[in-house]
Amino acid sequence: MARRCLTAAVCAAASALSAVAQDRSDLNAPLETVVFTASDTLRGVVAEHLNDPDLWPYILELNAIRSPASVVPGTELRMPVKQVRAADAALAESLAAIQRANAEGAQVFAPEQIGAAIENRETAVERRDVGAWVEVVDFSDIATVLAVEALEISIAQRDQSAEAIVSDVHGNVEGRAPQDPGWSGRRLSDVLVEFERVRTLSESTTQVTFRDLSRLRLNANSNATIQRMRSDPLTGDEVTRVSLVEGDFYALLNPLSDKSAFEVDVPGIETKTNSTDFWVRTDASGARFVNFDAPGLRITDGDQTIEVGQYEGLVLGPRGAEQANVLEAVRLTAPARDAILYDGFAPLGWMAFEGAEAYWIEVALDPGFNQMKVSQWGVRGTAFDTVRLPPRRYHWRVAALDRLGLPGQWSRSRSFTLREDTNPPFLTLLSPSDGAIVGQSGVEVFGASEPNADVTLNDDPVPLGTDGSFVLEAGLQPGANVLTLRAIDPAGNESVTEQSVIYRPDAQVRIGFAPDLPRVGDALATRSANLSVVAMSNAAEGADVQVRSGDAVVVRSRVETNGAIRLSVPAGDAPTDYTLVVLGPTGRIEGRATFQVVRDQVPPNVMLDAPLPRATDLAVATVAGIAIDAVKMTLNGAPVPLAGGRFAVEVPLSSGLNAFDLVAVDAVGNVHAARLQTLYDVEPPDVLSVELIRPNGLGGPIELVVVASDVSGLRQAAPYLLQVGEVEREGFLRCDAETGICRASLPAEPGDLRLIEVAIEDYVGNVVFR
């Protein structure tokens, strides 16, 4: 059977709970993927998609990322966007349900239910911090159900009960009901009855909340009696009477309750009030009253009635009545509004106020100061450090105490949040890279951290942008430089990253090619398709070397020990222009040299000034001429000096045939070889026979035939002188060098024949006479 709602408020709460339950399907939705970009920060991305930048440690854990520095542009982050939305909606609804129940008096009429609702919601908030989204919704739903139940109970009971409850306990609080023989401890949500006494011990406070939600806070060392709490069943009017035995209390009545009367009795003094905000104190020195509200506070002391107006105080003591305006509100200075603190302590500070003798400090869990954590009276100076407090949000305020011991107006309250944070702050150094080598005395440092972190670079402060990013120039010393980047968040957690940067000033590298490299003109030359180039430099070992042809890199190499450079480049028939460059660690050119390379396959051109004679009678032969492109020449293996390409050498001859091998070599090894020969002859020809005859008889022609031999050969003409009868005849024989026969024919002529002389000469001029 469907459940009936007692009121429209209960129906609204139940309807909202049903809507939250329908959103549970989002808890099973797939995670959404977000790509981290260069302009993002981790906290910024988490805040954008999850509406809470402090969830970044959970996102790292969810994505199995160990360090924030590992989140770089391009990283894909899985995020529970719909899950967070469902959890936050459930939290918001539970809060609204609790607030609706409290507005109807749940703290008085349903303390167990509303307390359990608050406890479950606080658990849900804790589970949110660790990403337990299902548990957040579960505990939030339970809190909502309990708050709806508290709302129903409050609405059903509020017209029948006239009790009060202990709505806050800080320290040691005791009570004593009329039937109790002694004092006993009082705890949160304990019910107070008529004529019950309540007292606070040292450094303790308590708050009593009445059924109309009026509140009365007893400060430390106070003792009060709830004398009467009655409700008129016909009119609904309520009368509350409290007797302050000693100490002080602060009353904050419900201004919307027009059926209530609140009376305060101090020994010998009666108080009636329309004020909703006042303070009362009594001790051995007398009674003190302060009214903070516009309606007056009427004090009756015997026959004397005094009206205490707004922001006025009254002291009733042995010397009579003294009335004065209370001090104005103090101005708070520290911590800053909505500050987040991390060490469990809150250092509070305020501006000194003229006329203040001391100060009254209150720290509570709620902005209405119903749940007190600290209430310190009589603080000297303008600073106060709280005791260690649990992590959560707190509210605080200060009132100045004047010379009469009257508290002044409360300052405007501020809040601060205590957190437990052991996670080191996000810190990444994007540039320069670790081990980077730069050629300038400064380097740009770029990175990011949490916006509220204190970041230093080598102990110097680093200014952060609104998103936590930073860019600055860091000076460098020659050699290795360690960049130590340190980030400390407000909780004191520290992240440190170090990177090494090497500053190497740009060098002036000198390059010289090996002098023994083959050359053709101005070009380096080779016989093959590639030329091995050797150069020397003053560059550091390991430096990058490039050979470029135009804009193209043809060859890459590195400088060897002692600055040596060795590489091979292509060679063609036409000269090719190259540029050899040595690069510094930063890629800048620190040295360059241009050269040409050509492929040479043509041997040297050797031309003799004159060929060697076929034969000679000179004991020394001269070999001379020009050898174009030759760098080396030998004659029968012996070096032949070259001067400007010319050569001239004399060689001794041996009797007989002399052969010489003339070899010329150019720079790349092309060879020109020639065989030279000459005959060294100093012996005259050998005459084998001589005939002077008339082959056709006495009347026929005359012939002279000489047969001779010689290594160098016979000259073609040999002179002769002969006698025919009484007449001498002379002429020349015609010699055949191959056969060695010399012959001459004369016409017929009578007379006896007699050879007077014949001279046979060889090729080099040696002569034999017969």
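All values derive from a computational prediction rather than experimental measurement.

The rules behind each value
Here the residue index of a chain counts from 1 through its sequence in written order. Where local features are concerned, this predicted model is filtered to residues with pLDDT of at least 70; where side-chain atom pairs are given and counted, the filter is 80 or more; whole-chain, interface and lining totals use all residues. Here the side-chain values reflect all heavy atoms present in the structure, with hydrogen atoms and water set aside. A run of H or I in DSSP becomes a helix once it reaches four residues, and a run of E becomes a strand once it reaches two; helices and strands are each numbered from the N terminus. Throughout, radius of gyration means the C-alpha value; the globule benchmark is 2.2 Å times the number of residues raised to the power 0.38. A simple rule labels every residue: compare its accessible area, found with a 1.4 Å probe on the protein chains alone, to the largest value its type can have, and call it buried under 20%, exposed over 50%, or partly exposed in between. In this analysis, strands are considered paired if DSSP registers two or more bridges between them. Geometry is summarised by axes, namely lines fitted to C-alpha atoms with helices restricted to the contacting stretch, and by angles between N-to-C directions that run from 0 to 180 degrees. For classification purposes, angles smaller than 35 degrees are called roughly parallel, those larger than 145 roughly antiparallel, those between 65 and 115 roughly perpendicular, and all remaining angles oblique. Each crossing is labelled by how the near helix is turned from the far one, with a counterclockwise turn of less than a right angle marking it left-handed and a clockwise turn marking it right-handed. Any two residues having at least one pair of non-hydrogen atoms within 4.5 Å are treated as being in contact. Each residue is assigned to one class: nonpolar for Ala, Val, Leu, Ile, Met, Phe, Trp, Tyr, Cys and Pro, charged for Asp, Glu, Lys and Arg, and polar for all the others, Gly among them. Scored between 0 and 100, pLDDT is the confidence that the predictor attaches to each residue. Expected span, for any helix, means 1.5 Å times one less than how many residues it has. For the purposes of this analysis, a disulfide is any pair of cysteine sulfur atoms at a distance within 2.5 Å. Definition used for salt bridges: Asp or Glu carboxyl oxygen within 4 Å of a side-chain nitrogen of Lys or Arg. The definition of a polar contact used here is a pair of N or O atoms within 3.5 Å, where within protein one atom must be able to donate a hydrogen and the other to accept one, and adjacent residues in sequence count solely through side-chain atom pairs. In this scheme Phe, Tyr and Trp rings, the latter by its six-membered ring, pair at centre separations within 6.5 Å, and the angle between planes marks the pair as stacked below 30 degrees, edge-to-face above 60, and tilted otherwise. As used here, the term nonpolar core means buried Ala, Val, Leu, Ile, Met, Phe, Trp, Tyr and Cys residues forming a set that is joined through side-chain atoms within 4.5 Å.

**Some words on the overall build of the protein chain**
Item 1. Helices and strands together make up the secondary structure of the protein chain, namely seven helices and 59 strands.
Item 2. At 62 Å, the protein chain has a C-alpha radius of gyration far larger than the 27 Å of a compact globule built from 770 residues.
Item 3. Along the three orthogonal principal directions, the C-alpha set of the protein chain runs to about 210 × 70 × 40 Å.
Item 4. Across the 770 residues that make up the protein chain, the buried fraction comes to 45%.

**Remarks on the sheet that holds strand 52 (residues 671–680)**
Item 1. With mixed pairing, five strands are arranged side by side in an open sheet as 46-52-51-48-49. Unpaired on one side and paired on the other, strand 46 (615–616) and strand 49 (638–639) mark the two borders of the sheet.
Item 2. Two elements, strand 51 (residues 656–666) and strand 52, share 10 bridges in a ladder whose sense is antiparallel. The partner of A664 across the bridge, within strand 52, is H672.

**Examining the packing of helix 4 (residues 81–103) against helix 6 (residues 111–129)**
Item 1. Two elements in contact, helix 4 and helix 6, have axes whose closest approach is 10 Å; the angle formed by their N-to-C orientations is 160 degrees. Looking at the two axes, helix 4 sits roughly antiparallel to helix 6. Crossing of helix 4 over helix 6 shows left-handed handedness. Along the contact surface, helix 4 presents V84, D88, L91, S94, L95, I98, A101 and N102, while helix 6 presents I114, A117, I118, R121, A124, V125 and R128.
Item 2. For the contact of helix 4 with helix 6, the residue count by class is 10 nonpolar, two polar and three charged.

**Some remarks on the environment of F278**
Item 1. Relative to the helices and strands, F278 is located in strand 14 (residues 277–283).
Item 2. Note: C-alpha distance between F278 and Y311 (33 residues apart in sequence) is 9.2 Å.

**Description of the sheet that holds strand 38 (residues 523–526)**
Item 1. Ordered by their spatial adjacency, six strands build an open sheet running 37-38-44-43-40-41, and the pairing between neighbours is mixed. The open sheet is flanked by strand 37 (519–520) and strand 41 (552–558), the only strands paired with a single partner.
Item 2. In terms of strand pairing, strand 37 meets strand 38 through two bridges, oriented antiparallel. Note on strand 38: the bridge partner recorded for V520 is A523.

**Observations concerning the confidence of the model for the protein chain**
Item 1. Across the protein chain, the average pLDDT comes to 88, with 94% of residues at or above 70.
Item 2. Below a pLDDT of 50 lies the segment residues 1–10, which in the model reaches 10 contacts outside its immediate sequence neighbourhood of four places, other chains included.

**Some thoughts on helix 6**
Item 1. Given a rise of 1.5 Å per residue, 19 residues ought to cover 27 Å, and the 27 Å separating the end C-alpha atoms of helix 6 matches this to within 8%.
Item 2. What helix 6 keeps buried is the set P111, I114, A117, N120, R121, A124 and R128.
Item 3. G131 lies just past helix 6 and shows a positive phi near 80 degrees.

**As for the state of the cysteines**
Item 1. Applying the stated rule across the entire model yields one disulfide.
Item 2. One disulfide in the model links C735 with C742; its S-S distance is 2.0 Å. Here C735 and C742 share a disulfide; its torsion about the S-S bond, 110 degrees, makes the bridge right-handed.
Item 3. Given a relative accessible area of 0%, C742 falls into the buried group.

**Considerations on the pattern of salt bridges**
Item 1. Under the defined criterion, the tally for this structure stands at 29 salt bridges.
Item 2. Residue R288 is joined to D283 by a salt bridge in which the shortest nitrogen-to-oxygen separation is 3.7 Å.
Item 3. Judged by relative accessible area, which is 14%, R288 ranks as buried.
Item 4. Its salt-bridge partner being R397, residue E362 comes within 2.9 Å of it at the nearest N-O pair. Taken together, the residues E362 in strand 23 (residues 358–364) and R397 in strand 26 (residues 392–401) connect sequence positions 35 residues apart.
Item 5. By relative accessible area, which is 0% here, E362 ends up buried.
Item 6. The network of salt bridges with common partners includes D248, R281, D283 and R288.

**Considering the side chain of T200**
Item 1. Following the sequence through the fold, T200 ends up in strand 7 (residues 196–200).
Item 2. Here N219 takes part through its backbone oxygen, which lies 2.5 Å from a polar atom of the side chain of T200.

**Thoughts on the packing of aromatic side chains**
Item 1. Here the structure, examined in full by the defined rule, presents 11 aromatic pairs.
Item 2. Ring centres of Y250 and W360 lie 6.4 Å apart, and the angle between their planes is 85 degrees; this geometry places the pair in the edge-to-face category. With Y250 in strand 11 (residues 238–252) and W360 in strand 23, the pair connects residues that are 110 residues apart, well separated along the chain. Each member of the pair, Y250 together with W360, is buried.
Item 3. Ring centres of W279 and W377 lie 5.5 Å apart, and the angle between their planes is 15 degrees; this geometry places the pair in the stacked category. In this pair, W279 is assigned in strand 14 and W377 in strand 24 (residues 372–379), connecting sequence segments 98 residues apart.

**Quick notes on the environment of G475**
Item 1. Residue position: G475 is located in strand 33 (residues 469–475).
Item 2. Along the primary structure G475 and Y503 are separated by 28 residues, whereas in three dimensions their C-alpha atoms are 9.7 Å apart.
Item 3. Excluding anything up to four places from it in sequence, G475 contacts S441 and G442.

**A look at the environment of F769**
Item 1. Structurally, the position occupied by F769 is in strand 59 (residues 767–769).
Item 2. According to the relative accessible area criterion, F769 is exposed, its value standing at 54%.
Item 3. C-alpha of F769 to C-alpha of E420: the two residues are 349 residues apart in sequence and 138 Å apart in space.
Item 4. Residue contacts for F769: discarding those within four places in its chain leaves E757, V758 and A759.

**Some words on the pairing of strand 18 (residues 312–317)**
Item 1. Here five bridges tie strand 15 (residues 286–291) to strand 18, and the two strands are oriented antiparallel to one another. Note on strand 18: the bridge partner recorded for R288 is V315.
Item 2. As paired strands, strand 18 and strand 19 (residues 320–325) are joined by six bridges and run antiparallel to one another. Its bridge partner lying in strand 19, L314 is registered against Q323.

**Side note on the nonpolar core**
Item 1. Within the largest apolar cluster, 30 residues are counted, with the highest numbers of intra-cluster contacts made by F249, F278 and F289.
Item 2. Residue contacts for F289: discarding those within four places in its chain leaves V266, I269, T271, W279, V280, L297, I299, E312, G313, L314, L316 and L406.
Item 3. V34, I65, V81 and A86 belong to the second largest nonpolar core, which has 28 residues in total.

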